[in-house]
Amino acid sequence: GESVGLHLPTLSVQEGDNSIINCAYSNSASDYFIWYKQESGKGPQFIIDIRSNMDKRQGQRVTVLLNKTVKHLSLQIAATQPGDSAVYFCAELPYNNNDMRFGAGTRLTVKP
Amino acid sequence: KAGVTQTPRYLIKTRGQQVTLSCSPISGHRSVSWYQQTPGQGLQFLFEYFSETQRNKGNFPGRFSGRQFSNSRSEMNVSTLELGDSALYLCASSQGQAGGHEKLFFGSGTQLSVL
């Protein structure tokens, strides 16, 4: 069946390094994607989104890349900080559908 | 603007009981979605309400139900609780525009433990 999944369950990086979190999706009808960050004891927090008519979008210290050919999504965090330690989820949404599906999540740990 | 508010924050119930969770969306948001989050299954969509009507539904048994009030506040109910219902239940709101493509704003969740 269609699903959203993440390549790595955990990622550990050194403070100041760049982080890359990957996500694979299989629903070719999905045309809107979001990255969320979830800290312990909190709900998911919106980071950045991208529509399928784009292949790159930049925010503050974050960049999302979309490769529709291989159905791959990535989140790049520049100069990773301890406050970036959290679980990161990708989510997909097909057009005209409000049923947002989430990947399994990647736990990012930033070492000082 | 206040965020999404969920109550209660924690709940402990026993098998066979029922539970009602409450969610107040961001002011002006008309869509409320509910998700179940567990370590094993991740975030799973339960249902979405818009203008007091269930607009989308996930693959959960009929023991899971919800409703939305005219002020967009929503409640979800789980009847005949099972141990496997222990989870963090998250509510998310959005404006609910047709065609989707809206980011969801999440509350902090209700942590339900079934003993």
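Our subject is the structure listed above.
Because the structure is a prediction, the values reported are computed rather than measured. (Residues numbered from 1 in each chain as written. Chains lettered and ligands numbered in written order. Predicted model: local features only at pLDDT ≥ 70, side-chain atom pairs only at ≥ 80, totals over all residues. Heavy atoms only, no water.)

### A look at the overall build of chain B
When its secondary structure is counted, chain B shows 0 helices and 11 strands. From first element to last, N terminus to C terminus, chain B shows the α and β order β-β-β-β-β-β-β-β-β-β-β. The C-alpha radius of gyration of chain B comes to 13 Å, within 12% of the 13 Å expected for a compact globule of 115 residues. Seen through its C-alpha atoms, chain B measures out along the principal axes to roughly 40 × 25 × 25 Å. Counting over 115 residues, chain B shows a buried share of 52%. The long-range fraction of contacts in chain B, counting pairs at least 24 apart against all pairs at least 6 apart in sequence, stands at 54%. (Helix = DSSP H or I, 4+ residues; strand = E, 2+ residues; numbered from the N terminus. Rg over C-alpha atoms; globule rule 2.2 N^0.38 Å. Buried < 20%, exposed > 50% of the residue type's maximum accessible area, 1.4 Å probe, protein only. Contact = heavy atoms within 4.5 Å.)

### Considerations on the state of the cysteines
Residue and element names in this part refer to chain B. In the structure shown here, the tally under the stated rule is 2 disulfides over all chains. Between the sulfur of cysteine 23 and that of cysteine 91 lies a disulfide, 1.8 Å long from S to S. Disulfide cysteine 23-cysteine 91: the torsion about the S-S bond is -60°, which places it as left-handed. Here cysteine 23 is found in strand β3 (residues 19-24), whereas its partner cysteine 91 is found in strand β9 (residues 87-94), with 68 residues between them in sequence. (Disulfide = S-S within 2.5 Å.)

### Digging into the pattern of salt bridges
Where charged atoms from two side chains of opposite charge come close, those side chains can pair. Residues and elements named next belong to chain B. Following the criterion strictly, the structure yields 8 salt bridges over all chains and no others. Between glutamate 75 and arginine 67 there is a salt bridge, and its shortest N-O distance comes to 3.2 Å. In this structure glutamate 75 comes out as buried when scored by relative accessible area, which is 16%. Of the residues examined, arginine 67 reaches a relative accessible area of 47% and is grouped as partly exposed. Taking the shortest distance from any N to any O, the salt bridge between arginine 73 and glutamate 75 comes out at 3.4 Å. (Salt bridge = Lys/Arg side-chain N within 4 Å of Asp/Glu carboxyl O.)

### Side note on the interface of chain B and chain A
Tallying the contact residues gives 21 residues for chain B and 21 residues for chain A. When the buried surface of chain B facing chain A is broken down by residue, B:Leu43, B:His101 and B:Lys103 rank first, second and third, together holding 34% of it. Summed over the shared surface of chain B and chain A, the number is 0 salt bridges. Residue contributions to the side of chain B that touches chain A peak at 3 residues, all from strand β5 (residues 42-50) of chain B. Classifying every residue of the side of chain B that touches chain A by side-chain character gives 8 nonpolar, 8 polar and 5 charged. (Buried area = accessible area lost by both parts, 1.4 Å probe. Nonpolar A, V, L, I, M, F, W, Y, C, P; charged D, E, K, R; others polar.)

### Examining the nonpolar core
One finds B:Trp34, B:Leu46, B:Phe64, B:Met76 and B:Tyr89 to be the most contacted residues of the largest nonpolar core, which totals 21 residues. At the level of elements, β3, β4 (31-38), β5, β8 (74-78), β9 and β11 (110-114) of chain B are the ones that each hand at least two residues to this core. (Core = buried A, V, L, I, M, F, W, Y, C linked by side-chain atoms within 4.5 Å.)

### With respect to the environment of A:Leu11
All names here are of chain A. In this structure, leucine 11 sits in strand β2 (residues 10-14). The spatial distance from the C-alpha of leucine 11 to the C-alpha of glycine 43 is 20 Å, given a sequence separation of 32 residues. Setting aside residues up to four positions removed in sequence, leucine 11 forms contacts with Ser19, Ile20, Ile21, Thr106, Arg107, Leu108 and Thr109.

### Details of the sheet that holds β3(B)
Residues and elements named next belong to chain B. The 4 strands lie next to each other as β1-β3-β8-β7, forming an open sheet whose pairing is antiparallel. Only two strands of the sheet have a single neighbouring strand rather than two, namely β1 (5-7) and β7 (64-68). Each adjacent strand pair in this sheet contributes to an overall mean axis angle of 20°, direction not counted. With 5 bridges connecting them, β3 and β8 associate as antiparallel partners. If you follow cysteine 23 over to β8, its bridge partner there is serine 74. (Pairing = 2+ DSSP bridges. Axes fitted to C-alpha atoms, helices over the stretch in contact; angles between N-to-C directions.)

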